[in-house]
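What follows is each chain in one-letter form.
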Amino acid sequence: MWQYEKKLEYPVNIKNPNPALAKVIISQLGGPDGELGAALRYLNQRYTAPCREVQAILNDVGTEELAHIEMIGTILYQLTRNLSIKEIKDSGFDTYFVDHTTGVYPIAASGVPFTAATFQSTGDAIGDLHEDLAAEQKARVTYDNILRLADDPDVRDPIKFLREREIVHYQRFGEPNRTK
Amino acid sequence: MGLEYFRKHRDEYEKLEAEYTSKYGPVLARQSEGDKKWEWVKEPFPWERGES
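Here goes a summary of the coordinates provided. (Residues numbered from 1 in each chain as written. Chains lettered and ligands numbered in written order. Predicted model: local features only at pLDDT ≥ 70, side-chain atom pairs only at ≥ 80, totals over all residues. Heavy atoms only, no water.)

Examining the overall build of chain A
When its secondary structure is counted, chain A shows eight helices and zero strands. The order of helices and strands in chain A, counted from the N terminus, is α-α-α-α-α-α-α-α. A compact globule built from 180 residues should have a C-alpha radius of gyration of about 16 Å, and chain A, at 17 Å, falls within 12% of that. Expressed as lengths along the three principal axes of its C-alpha atoms, the size of chain A is roughly 60 × 30 × 30 Å. Looking at chain A as a whole, 42% of its 180 residues qualify as buried. Considering only residue pairs separated by 6 or more positions, chain A has 77% of its internal contacts joining residues 24 or more positions apart. When the 20 positive and 26 negative side-chain charges of chain A are each reduced to one mean point, those points stand 2 Å apart. (Helix = DSSP H or I, 4+ residues; strand = E, 2+ residues; numbered from the N terminus. Rg over C-alpha atoms; globule rule 2.2 N^0.38 Å. Buried < 20%, exposed > 50% of the residue type's maximum accessible area, 1.4 Å probe, protein only. Contact = heavy atoms within 4.5 Å. Lys, Arg positive; Asp, Glu negative; His and termini not counted. Charge placed at Lys NZ, Arg CZ, Asp CG, Glu CD.)

What about the packing of helix α3 (residues 35-45) of chain A against helix α4 (residues 52-79) of chain A?
All names here are of chain A. Axis separation between α3 and α4 bottoms out at 8 Å; the angle between their running directions is 160°. Looking at the two axes, α3 sits roughly antiparallel to α4. In this structure, the crossing between α3 and α4 has a hand that is left-handed. Across the interface between the two elements, E35, L36, A38, A39, Y42, L43 and Q45 from α3 touch L58, N59, V61, G62, T63, E65, L66, H68, I69 and I72 from α4. Tallied by class, the residues present in the contact of α3 with α4 amount to ten nonpolar, five polar and two charged. (Axes fitted to C-alpha atoms, helices over the stretch in contact; angles between N-to-C directions. Parallel < 35°, antiparallel > 145°, perpendicular 65-115°, else oblique. Left-handed = near helix turned anticlockwise from the far one by under 90°. Nonpolar A, V, L, I, M, F, W, Y, C, P; charged D, E, K, R; others polar.)

Comments concerning helix α7 (residues 125-149) of chain A
Along an α-helix, a turn takes 3.6 residues, which lines up residues three or four apart on a common side. Residues and elements named next belong to chain A. Spanning 25 residues, α7 covers 36 Å between terminal C-alpha atoms, matching the ideal 36 Å at 1.5 Å per step. Of the positions making up α7, those classed as buried are D128, L129, D132, L133, A135, E136, A139, T142, Y143, D144, I146 and L147. The inward-facing, buried residues of α7 abut α1 (19-25), α2 (27-30), α3, α4 and α8 (153-174). The residue sitting at the N-terminus of α7 and contributing the capping side-chain oxygen is D124; that oxygen lies 3.0 Å from the backbone nitrogen of I126. (Expected span 1.5 Å × (residues − 1). Polar contact = N/O pair within 3.5 Å; in protein donor to acceptor, adjacent residues only side chain to side chain.)

What to know about the interface of chain A and chain B
Listed per partner, the contact involves 16 residues of chain A and 18 residues of chain B. When chain A packs against chain B, close to 1,500 Å² is buried across both sides, 49% of that on carbon and sulfur atoms. By the criterion of area lost to chain B, the three top residues of chain A are Y4(A), K6(A) and R81(A), representing 41% of everything that side buries. Where chain A packs against chain B, one counts zero salt bridges. Remark: the boundary between chain A and chain B carries ten residue pairs in polar contact (both at pLDDT 80 or more). (Buried area = accessible area lost by both parts, 1.4 Å probe. Salt bridge = Lys/Arg side-chain N within 4 Å of Asp/Glu carboxyl O.)

Below, the structure is given as structure tokens:
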């Protein structure tokens, strides 16, 4: 089971709304290499992991991904607060707004809703761990691209933290591939 | 040593968490005190920040 801690893993305090930026960052919630897929990938893979060390890594990293979903949701929420209809139209956020208003909903930046078709649980530790290594690098690339598109330091700071965690997780998934 | 590092930071975390909850309210729902108002909903949730 899980217990909720009433805090973010890393603070998010965005002062200026920017719905156009929210439209691209949303890919890290519901996109092909986003945090929701990451959490579900690891938390489902852990049952058939062959030893405690690997079970623990999948459990710990999968749990941390839940905290990353919360950070991305917070970024999206804060980027879309107090918008005028003019801002919604001018930013291109109207195509999201028409279905979801400013509710946080997991889709890719392209508009494709979240799908489990982007990840695997093979039941094979070597297959799963190598998918996990690739997944962390793909998420790192998405964060790199967000950093290319975002100027606001209030947004860049938590995104840089999340990018760094992808690298740490990549290293952790490398550990069980080494022989003792 | 890894385990020494773990213990050091766990102890530090526990001290700081106690200090934080005494000032700003519960981090876990079970830390709620008070007999008049459910403390868990007295303070904002963590996404309600940053507004200028």
